[in-house]
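Next come the chains, spelled out residue by residue.
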Amino acid sequence: MMCTVCGCGEASVETGKDKAGHAHTHDHTHSHSHPHQHGHGHSHDHAHEHTHDHSHDHDHDHGHDHTHPHDYGRGPAGVHVPGLSQERIVRIERDILSKNDALAAANRVRLAELGVFALNLVSSPGSGKTSLLVRTITDLADKLPLAVIEGDQQTSNDAARIRATGVAAIQINTGKGCHLDAHMVGHALDDLPLAAGGVLFIENVGNLVCPAAFDLGEAHKVVVLSVTEGEDKPLKYPDMFAAADLMLLNKSDLLPHLEFDVAACVANALRVNPRLKILQVSARTGEGLGAFLDWIGAGVAMARATAKAAAPA
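Predicted model, so just to flag it, every value in this text is computed and none were measured. Per-chain numbering applies: the sequence of each chain, read as written, is numbered from 1 onward. Owing to the predicted nature of the model, reporting of local features is limited to residues with pLDDT of at least 70; listing and counting of side-chain atom pairs is limited to 80 or more, with chain, interface and lining totals taken over all residues. Derived side-chain values reflect all non-hydrogen atoms in the structure, with water molecules and hydrogen atoms excluded from consideration.

Colleague: Would you take a moment to explain the overall build of the protein chain for this structure?
Modeller: Labels follow the DSSP assignment, with helices taken as runs of H or I lasting at least four residues and strands as runs of E lasting at least two, numbered in each case from the N terminus. A count of helices and strands for the protein chain gives eight helices and eleven strands. Partly exposed describes any residue whose relative accessible area lies between the buried limit of under 20% and the exposed limit of over 50%, with all areas from a 1.4 Å probe on protein chains only and scaled to the type maximum. Each of the 313 residues in the protein chain was classed as buried or not, and the buried ones make up 51%.

Colleague: Please clarify how the side chain of E150 should be interpreted in this entry.
Modeller: Assignment of secondary structure puts E150 in strand 6 (residues 146-152). Asp and Glu count as negative and Lys and Arg as positive, but His and the ends of the chain are not part of the count. Salt bridges, as used here, are contacts in which a Lys or Arg side-chain nitrogen is within 4 Å of a carboxyl oxygen on Asp or Glu. Summary of buried charges: E150 has no salt-bridge partner, and the nearest side chain of opposite charge, K129, is 7.0 Å away.

Colleague: Sorry if this is basic, but what is going on with the packing of aromatic side chains here?
Modeller: How two aromatic rings sit relative to each other is given by the distance of their centres and the angle of their planes. Pairing of aromatic rings covers Phe, Tyr and Trp, the last counted by its six-membered ring, and requires centre-to-centre distances within 6.5 Å; plane angles under 30 degrees mean stacked, over 60 mean edge-to-face, and any other angle means tilted. Scanning the entire structure with this criterion turns up two aromatic pairs. A ring pair is formed by F292 and W295, whose centres lie 6.2 Å apart and whose planes are at 20°; its orientation type is stacked. You can see F292 and its partner W295 sitting in helix 8 (residues 289-310), three residues apart, about one turn around the helix. Summarising the burial analysis for this pair, F292 and W295 share the class buried. Three or more aromatic residues joined by ring pairs form one cluster here, namely F117, F292 and W295.

Colleague: Please explain the pairing of strand 8 (residues 199-203) as it appears in this structure.
Modeller: Taken residue by residue, a regular strand's side chains alternate between the two faces of the sheet. A large share of strand 8 lies buried, amounting to five of its five residues. Of the two faces of strand 8, both are covered, the one formed by V199, F201 and E203 as well as the one formed by L200 and I202. Here the rule is simple: two strands pair whenever DSSP picks up at least two bridges between them. Two elements, strand 5 (residues 117-123) and strand 8, share five bridges in a ladder whose sense is parallel. When the sheet's bridge partners are listed, L121 is paired in strand 8 with E203. Where strand 6 meets strand 8, five bridges bridge the pair, whose relative direction is parallel. Its bridge partner lying in strand 8, I149 is registered against I202.

Colleague: Before we go on, may I ask you to explain the environment of A244 in this structure?
Modeller: Within the element layout of this structure, A244 appears in the loop between helix 6 (238-243) and strand 10 (246-250). With 124 residues separating them in the primary sequence, A244 and N120 have C-alpha atoms 9.1 Å apart. It only takes one pair of heavy atoms within 4.5 Å for two residues to be counted as in contact. In contact with A244, other than residues within four places in its own chain, are K221, V223, N273, R275 and L276.

Colleague: In this structure, what is going on with the packing of helix 2 (residues 129-140) against helix 8? I would like to understand it.
Modeller: The description of two helices packed together rests on the angle between their axes and the distance between the axes. Axis definition: a line fitted to C-alpha atoms, limited for helices to the stretch in contact. Angles are taken between N-to-C directions and run from 0 to 180 degrees. One can describe the packing of helix 2 onto helix 8 by two numbers: an axis separation of 11 Å at closest approach and a directional angle of 65°. Between helix 2 and helix 8, the crossing angle belongs to the class labelled roughly perpendicular. Taken as a pair, helix 2 and helix 8 cross one another with a handedness that is right-handed. Of the residues in helix 8, those touching helix 2 at L132, R135, T136, D139 and L140 are L289, F292, L293 and I296. Put simply, Ala, Val, Leu, Ile, Met, Phe, Trp, Tyr, Cys and Pro go in the nonpolar bin, Asp, Glu, Lys and Arg in the charged bin, and everything else, Gly too, in the polar bin. For the contact of helix 2 with helix 8, a count of residues per class yields six nonpolar, one polar and two charged. Here roughly perpendicular refers to angles of 65 to 115 degrees, roughly parallel to angles under 35, roughly antiparallel to angles over 145, and oblique to all remaining angles. Two helices that cross are described as forming a left-handed crossing if the nearer one is turned anticlockwise from the farther one by less than a right angle, and a right-handed crossing if clockwise.

None of this, on its own, says anything about what the molecule does.
Dropping the structure here:
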């Protein structure tokens, strides 16, 4: 199967019927902070498959309104899709994103009721996102209730690193999928011990393209960019930097050893998103992390105040 939104391949087992008439089986494997794993078999109304292996809604109807044998639509990734016209591809994309947005809104309400400040951490692979997260939760663990959702295609290595700090973490493995979506996060929230007034960190799959389009119900997207990457990354991947509210320029301790123009990188990011807040940090030395922790603290205070104001008298 192919995700028509991003062109990523998805492994799926189609054995049941959902309300739309598509066959999907949801097989979840959650890796939890306690020392065992268990799988859930579910049949859902949403067109996603989990291991926490997930797939997206696929429309398998073939429209032939032409004289030659096949109508080939070209997906966003440049992949020809037999039987799908460009108009149908656009419709399916809108349908997928509309369903995701509805689920994200439900996640957001759920988190808001608890006064939980949720952050969606996004980056390309190798940016140091997990190391930065480990350093951040180590500094915050004795100050705030924390929980983490980890997204990767395979392995529970990153969740294990988080649990080693004493913070609860659930691993979502997306298989061949290249991003988390709101459906996956909603299921993870069912199993994640989430304390009121705390912080939820969602570490997305390493990818600067597809996660930009999928709202998870977070308060903010935080994009992590390493100084070992190019200064023009914000221009090459503008959707992600436009969707983010905060950019962490990580691995600043390596600047003396690199030819990286910080001013040019910042200018490129602000060209894409003038409202973007930018902090220069180092997960290894702790440089700049105080400002990041203060930013999180302000977000937590606002989330708590909003939840308190909305609570029944």
